[in-house]
Amino acid sequence: KAGVTQTPRYLIKTRGQQVTLSCSPISGHRSVSWYQQTPGQGLQFLFEYFSETQRNKGNFPGRFSGRQFSNSRSEMNVSTLELGDSALYLCASSLVSGATNEKLFFGSGTQLSVL
Amino acid sequence: DQQVKQNSPSLSVQEGRISILNCDYTNSMFDYFLWYKKYPAEGPTFLISISSIKDKNEDGRFTVFLNKSAKHLSLHIVPSQPGDSAVYFCAASKRGNQGGKLIFGQGTELSVKP
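Report on the accompanying structure. A quick note: this is a predicted structure, and the numbers were derived from the prediction, not measured.

1. Quick word on the interface of chain A and chain B
Across the contact, 25 residues belong to chain A and 21 residues belong to chain B. Counting each side, the surface lost to burial between chain A and chain B is near 1900 Å², with a carbon and sulfur contribution of 53%. There are 0 salt bridges connecting chain A and chain B. Run the count over chain A and chain B and you get 3 residue pairs in polar contact (both at pLDDT 80 or more). Looking at the side of chain A that touches chain B, the elements that each hand over two or more residues are β4 (31-38), β5 (42-50), β6 (53-57) and β9 (87-94) of chain A.

2. Here we look at unusual backbone geometry
With an omega dihedral of -10°, the bond running from Thr7 of chain A to Pro8 of chain A counts as a cis peptide bond. Examined against the element boundaries, Pro8 of chain A turns out to sit in the loop between β1 (5-7) and β2 (10-13). Of note, the bond from Val78 of chain B into Pro79 of chain B is cis; its omega dihedral lies within 30 degrees of zero at -15°. With respect to the secondary-structure elements, Pro79 of chain B resides in the loop between β8 (72-77) and β9 (86-94). One non-glycine residue, Glu52 of chain A, adopts positive backbone phi at about 70°. For Glu52 of chain A, the position within the fold is in the loop between β5 and β6. Using a relative accessible area of 48% as the deciding quantity, one classes Glu52 of chain A as partly exposed.

3. Here we look at the state of the cysteines
One pass over the structure, following the stated rule, counts 2 disulfides over all chains. Disulfide pairing is shown between Cys23 of chain A and Cys91 of chain A; the S-S distance is 1.8 Å. Disulfide Cys23 of chain A to Cys91 of chain A: torsion about the S-S bond roughly -60°, handedness left-handed. Of this pair, Cys23 of chain A sits in strand β3 (residues 19-24) while Cys91 of chain A sits in strand β9, and the two are 68 residues apart along the sequence. Judged on exposure class, the residue Cys23 of chain A and its partner Cys91 of chain A are both buried. Each sulfur in the disulfide pair Cys23 of chain B and Cys90 of chain B lies 1.9 Å from the other. Residues Cys23 of chain B and Cys90 of chain B are joined through a disulfide that is right-handed, its torsion about the S-S bond being 60°. Remark: Cys90 of chain B occurs in strand β9 and Cys23 of chain B occurs in strand β3 (residues 19-25); sequence separation between them is 67 residues. Judged on exposure class, the residue Cys23 of chain B and its partner Cys90 of chain B are both buried.

Conventions used here
- Residues numbered from 1 in each chain as written.
- Chains lettered and ligands numbered in written order.
- Predicted model: local features only at pLDDT ≥ 70, side-chain atom pairs only at ≥ 80, totals over all residues.
- Heavy atoms only, no water.
- Contact = heavy atoms within 4.5 Å.
- Buried area = accessible area lost by both parts, 1.4 Å probe.
- Salt bridge = Lys/Arg side-chain N within 4 Å of Asp/Glu carboxyl O.
- Polar contact = N/O pair within 3.5 Å; in protein donor to acceptor, adjacent residues only side chain to side chain.
- Helix = DSSP H or I, 4+ residues; strand = E, 2+ residues; numbered from the N terminus.
- Buried < 20%, exposed > 50% of the residue type's maximum accessible area, 1.4 Å probe, protein only.
- Disulfide = S-S within 2.5 Å.

See the structure below:
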């Protein structure tokens, strides 16, 4: 069974530009979550989608948005990029949404550098 | 507001010895805890978890201990192997979780020396 696939692996952008990251979950998984990882900050939750609906959102500005398609694939968009947006963006999928003991399966991430 | 804290950014141990990674949390609503392991250039992979109704969970060389009164959990690796060298994240999930939201600590980089 293929794992979570994220594209692209690396991205270099300049301030003010926008970027779109893509995530394909494990086959059969309907929940997709996005996390931002920066050095010393651990993983910060961005948002979660289930059945094409945003179920939960973290404390990030509105420049960060996402969506989920009917095949459960998800995209994340960041507009008006800032230097501080440089990070590893991780996508995770799970079978269901809302279960207390849910286990997330992560992709390898997209490393975004903003110059 | 860091609800899950890993106060040791790094830990170095000798091969064959015990590795103990610690994690503290502040929110008493957390009822499920997980440990993830991350190698460079890869996403985190699930290692072991524990429900708040238990105080210990074991899986091979890995044991997680939960002390609810102290709001503290720890991961023990015995014996440690060089392949265990990675960054370890603890994470927590709370009652009424709306889905997909795990609260992660900052991570501890474990180095196991041969």
